[in-house]
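Now for the letters of each chain:
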Amino acid sequence: MQDLIAGYQRFRAGRYSEQHRLYSALEAGQAPATMIVSCCDSRVDPATIFDAAPGNLFVLRNVANLVPPYETRRGHHGTSAAVEFAVTGLKVSRILVLGHAACGGVEACLKHDFTAGAEDSFILNWMSILQPARDRLMGERKAAGLDTAGEDAQLALEQAGVLQSIDNLATFPFVQDAIRDRGMTLAGGHFGIGTGKLSLYNPATGTFAEVPE
Ligand SMILES: [Zn+2]
């Protein structure tokens, strides 16, 4: 724990000391305008990437930044619960799904044979959310003579996963209501870890474009 304690002590002396009034005011409540769905990956911290202050971002992190489709069966739907709270409780103005380079969850999905049936791994069960998009994308890439297992295929599936999650978000009735009634928006992005560059999805072109620095 020594590294964590040392980090905490730096936080107390540094950021907390500078922002203690903000922290104190935020204890009364939060009103972030943005929800970000990001990966658990230790290299992709939304607060760092967007240089965000406490209270700015409502962040949900899970394996491969996925949102499952709306489901009515009972279960422990942690991701859906966070989306529900952000949309109906906090009334965020936008939800950004943020994918990233070299995503281990996406790589597992790319390489796994889901035809074997029920999965006994939590990760593979979770990543099966992306299986229809993977099968469609890899079918298209194969037909176009593009690789289906290398770096380009991985990037393509990372981006397809972001779009799949946006489509899944739009299946939640309260998300549909928020889009219609108060103009909430859904957006997609991708962070290149090694380059440190952010790309955003442009629905007009159907591509991810780098954000100017
Ligand atoms: Zn990841």
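Before any of the text, the structure's been laid out above.
First, a word on scope: everything that follows refers to the structure included in this document. Since the structure is predicted, the reported quantities are computational estimates derived from the model, not experimental observations.

### Quick look at the packing of aromatic side chains
Working step 1: The tally for this structure, following the rule as stated, stands at seven aromatic pairs.
Working step 2: Seen in terms of ring centroids, Phe-11 and Tyr-16 are 5.9 Å apart; in terms of plane orientation they differ by 50°. Their pairing is tilted.
Working step 3: A relative accessible area of 25% means that Tyr-16 is categorised as partly exposed.
Working step 4: Relative to Tyr-23, the ring of Phe-11 lies with its centre 5.9 Å away and its plane at 85°, an arrangement referred to as edge-to-face. Of this pair, Phe-11 sits in helix α1 (residues 2–13) while Tyr-23 sits in helix α2 (residues 15–26), and the two are twelve residues apart along the sequence.
Working step 5: An aromatic cluster is defined as three or more aromatic residues linked by ring pairs; in this entry it consists of Phe-11, Tyr-16 and Tyr-23.

### Some words on the coordination of the zinc ion
In a perfect tetrahedron of four donors around a metal, the angles come out at 109.5 degrees. In a perfect octahedron of six, they are 90 or 180 degrees.
Working step 1: Every protein donor of the zinc ion is listed here as Cys-39 (SG), His-100 (NE2) and Cys-103 (SG), and their distances to the metal cover 2.0 to 2.3 Å.
Working step 2: Each donor residue of the zinc ion belongs to the same chain, and together they define the spacing C-x60-H-x2-C. One exposure class covers both His-100 and Cys-103, and it is buried.

### Let's talk about empty space enclosed by the protein
Working step 1: Per the stated rule, a full pass over the model turns up one cavity of 30 Å³ or more.
Working step 2: Volume-wise, the largest cavity comes out at about 40 Å³.
Working step 3: Lining the largest cavity, in full, are Ala-64, Asn-65, Gly-99, His-100, Cys-103, Val-106, Leu-130, Leu-157, Glu-158, Gly-161 and Val-162.
Working step 4: Breaking the lining of the largest cavity down by element, the ones donating at least two residues are β3 (94–100) and α8 (151–169).

Definitions and limits used
- Residues numbered from 1 in each chain as written.
- Predicted model: local features only at pLDDT ≥ 70, side-chain atom pairs only at ≥ 80, totals over all residues.
- Heavy atoms only, no water.
- Phe/Tyr/Trp six-rings, centres within 6.5 Å; stacked < 30°, edge-to-face > 60°.
- Buried < 20%, exposed > 50% of the residue type's maximum accessible area, 1.4 Å probe, protein only.
- Helix = DSSP H or I, 4+ residues; strand = E, 2+ residues; numbered from the N terminus.
- Donors = N, O, S within 2.8 Å, 3.2 Å for Na, K, Ca; no water.
- 1 Å grid on protein atoms, 1.4 Å probe; cavity = no way out; pocket = protein on both sides within 12 Å on 5 of 7 lines; lining within 4 Å.
- Points joined across faces, edges and corners; volume = space filled by probe spheres on them.

These results come straight from atomic positions and should not be treated as a statement about function.
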